[in-house]
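# Coordinate inspection notes
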Amino acid sequence: MRNNPSPGSIASISSLVVAFISSIIVFLFTQDWQSSLVNLIVVFGISFFLFNFLLQRFIYKKIKLIYKNIYRFKTQNPKLRKKLGDGSKDPIAEVSKEVMEWMRENQKEVNLLKEQADFRREFLGNVSHELKTPIQSIQGYVHTLLDGALEDKKVNRVFLKKAGKGVDRLAELVSDLTAISEYESKEIHLVFQNYNIADQVNEVFEMVEQLAKNKKITLGFKKDASKSFVVNADKHRIERVLVNLIVNAIKYGKEDGHVNVGFYDLDKNILIEVSDDGEGIAEEHLPRLFERFYRTDLGRSRELGGSGLGLSIVKHIIESHKQTINVRSEVGKGSTFGFTLRKG
Ligand code: ADP
């Protein structure tokens, strides 16, 4: 038997049962099989008409109405419009299917909303914590200046410079926060193009030249990787990846050290590695390094102007390219961050 019989088949079966029982009763009383047969036909006809009418009128039409409402709700919701029957074949089956689907979609949405609420709570906590330090520093210097230090030629420029540094740090933080919230809240639209990655690394070297000079760090390419490679990627976003990795390599690199970039041919992809010979990272930190706001040494990162968001931005960009990023490091010897890009 079908799972969801139609009103017609329910009415026929029920009428047949009623007609059969009444015919047996008639036969038992009259012992006349002809009257019993007539009774069977008449009772079957009347009860079929009645059952069918009642089922159609009070149950089936109402189910169709429920289906129509689901249909209307779904067509007003473009996201749910897919996979919609017209409900004319078997409304009961369609309704139960739609309700199950609706429950599944709702459950998914509830889980997503819960995740987003957790994310927002944690994010807000971290953000306010990060903003507090530069704001307090700016506030301190500005008030000291207003309270009289402005007239003191020995300190006024120093304090103003320090307040200015706090403002720069705030701006940097806000820029990183904007980027991370963009990456974490929606899919990034990438603009792919073919270009020479070695040229781009040279451009980034020029950008960070002064930073490297301050620490007497030499920027260069690995010996075995001087070939130029054409990659297919979003140039603008990859620049951010390279800047973040190279700036980190300088920030956490040692004085008089070296930062080298290498390219390796991996058949369909190019592996790009940024290495430094700096302080390195202890093994226990490696699995969490790409989490937002994660630092191996909070005080040192802050002192160097870090927001703890750089590597998580890098990871988002690389993963949106459907590529991978990894790190290997040894304390005291240095670190190597490597990511892949599709060949152009
Ligand atoms: P930050 O803004 O603090 O530098 P990142 O997300 O860029 O944030 O890096 C996260 C943490 O990873 C840093 O605080 C630092 O402890 C560690 N780190 C990143 N790059 C290096 C590196 N090249 N050498 C040593 N430690 C690093």
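Residues numbered from 1 in each chain as written. Predicted model: local features only at pLDDT ≥ 70, side-chain atom pairs only at ≥ 80, totals over all residues. Heavy atoms only, no water.

What follows deals with the overall build of the protein chain. Tallying secondary structure elements over the protein chain gives 9 helices and 7 strands in all. Rg of the C-alpha trace for the protein chain: 37 Å, well past the compact-globule value of 20 Å for 344 residues, more than 25% over. Principal-axis analysis of the C-alpha atoms places the extent of the protein chain at approximately 125 × 60 × 35 Å. In the protein chain, buried positions account for 37% of the 344 residues. In the protein chain, of all internal contacts separated by at least 6 residues, the share reaching a separation of at least 24 is 72%. Just so you have it, the protein chain exposes about 21,400 Å², and 59% of that area is on carbon and sulfur atoms. Looking at charge distribution, the protein chain has the averaged site of its 51 positive side-chain charges lying 6 Å from that of its 43 negative ones. (Helix = DSSP H or I, 4+ residues; strand = E, 2+ residues; numbered from the N terminus. Rg over C-alpha atoms; globule rule 2.2 N^0.38 Å. Buried < 20%, exposed > 50% of the residue type's maximum accessible area, 1.4 Å probe, protein only. Contact = heavy atoms within 4.5 Å. Areas by Shrake-Rupley, 256 points an atom, 1.4 Å probe, with all protein chains shown as cover. Lys, Arg positive; Asp, Glu negative; His and termini not counted. Charge placed at Lys NZ, Arg CZ, Asp CG, Glu CD.)

We now examine the pattern of salt bridges. Under the counting rule described, the total for this entry stands at 14 salt bridges. For Glu182, the salt bridge is made with Arg237, and the minimal N-O distance between the two is 3.8 Å. Of the two residues, Glu182 sits in helix H4 (residues 156–185) while Arg237 sits in helix H7 (residues 235–251), which places them 55 residues apart along the sequence. Across the pair Asp265 and Lys343 runs a salt bridge whose closest N-O atoms are separated by 2.7 Å. Taken together, the residues span a long stretch of sequence, with Asp265 in strand S4 (residues 258–266) and Lys343 in strand S7 (residues 334–343) at a distance of 78 residues. By relative accessible area, which is 44% here, Asp265 ends up partly exposed. Through salt bridges with shared partners, one network takes in Glu122, Glu184 and Arg292. (Salt bridge = Lys/Arg side-chain N within 4 Å of Asp/Glu carboxyl O.)

This part is about the nonpolar core. Judged by nonpolar contacts, the single largest core of 51 residues is most densely connected at Ile197, Ile238 and Ile246. Looking at this core element by element, the count peaks at 8 residues for H7. Inspection of this core shows a minimum of three residues originating in each of domain 2 (101–184) and domain 3 (192–342). In contact with Ile197, not counting residues within four places along its chain, are Phe229, Val231, Ile238, Leu242, Phe263, Ile272 and Leu341. (Core = buried A, V, L, I, M, F, W, Y, C linked by side-chain atoms within 4.5 Å. Domains from an automatic or database assignment.)

Describing two packed helices takes the angle between their axes plus the distance from one axis to the other. Running from amino to carboxyl end, helix H1 (residues 7–30) crosses helix H2 (residues 33–76) at an angle of 150 degrees, the nearest separation of the two axes being 7 Å. The orientation of H1 with respect to H2, classified from their angle, is roughly antiparallel. Handedness of the crossing formed by H1 with H2: right-handed. Taken together, the residues of the contact of H1 with H2 sort by class into 17 nonpolar, 12 polar and no charged. (Axes fitted to C-alpha atoms, helices over the stretch in contact; angles between N-to-C directions. Parallel < 35°, antiparallel > 145°, perpendicular 65-115°, else oblique. Left-handed = near helix turned anticlockwise from the far one by under 90°. Nonpolar A, V, L, I, M, F, W, Y, C, P; charged D, E, K, R; others polar.)

A word on the site of the ligand. Of all residues adjacent to the ligand, which total 20 residues, the nearest are Tyr252, Thr296, Ser301, Ser307 and Leu311. Residue Asn248 places a side-chain N or O atom 2.8 Å away from an oxygen atom belonging to the ligand. Interatomic distance of 3.1 Å between a side-chain N/O atom of Lys251 and an oxygen atom of the ligand. Relative to its unbound accessible area of 530 Å², the ligand is 98% covered by the protein chains. Those elements that place two or more of their residues in the shell around the ligand are H7, helix H9 (310–320) and S7. Per-element tally for the shell around the ligand: the top contributor is H7, with 3 residues. Per-class residue counts for the shell around the ligand are 8 nonpolar, 9 polar and 3 charged. (Near = heavy atom within 4 Å. Polar contact = N/O pair within 3.5 Å; in protein donor to acceptor, adjacent residues only side chain to side chain.)

Once that is clear, we can look at helix H5 (residues 197–207). Taken residue by residue, H5 has Ile197, Ala198, Gln200, Val201, Val204 and Phe205 as its buried positions. Buried residues of H5, seen end-on, are gathered within an arc of 155 degrees and therefore sit on one face of the element. The distance from a side-chain oxygen at the start of H5 to the backbone nitrogen of Ala198 is 2.9 Å, and the residue carrying that oxygen is Asn196. (Arc of directions from axis to C-beta.)

On to the domain arrangement of the protein chain. Each assigned domain of the protein chain is listed with its residue range as follows: domain 1 (7–89), domain 2 (101–184) and domain 3 (192–342). Of note, the centres of domain 1 and domain 2, computed from C-alpha atoms alone, are 68 Å apart.

This part covers H2. Between its terminal C-alpha atoms H2 stretches 61 Å, which fits the 64 Å expected from 44 residues at 1.5 Å a residue. The principal kink in H2, of about 40 degrees, is found at Gln56. Taken as a whole, H2 has its buried residues at Ser36, Asn39, Val43, Ser47, Leu55, Tyr60, Ile63, Tyr67, Ile70 and Lys74. (Expected span 1.5 Å × (residues − 1). Bend = angle between axes of the 7 residues up to and from the residue.)

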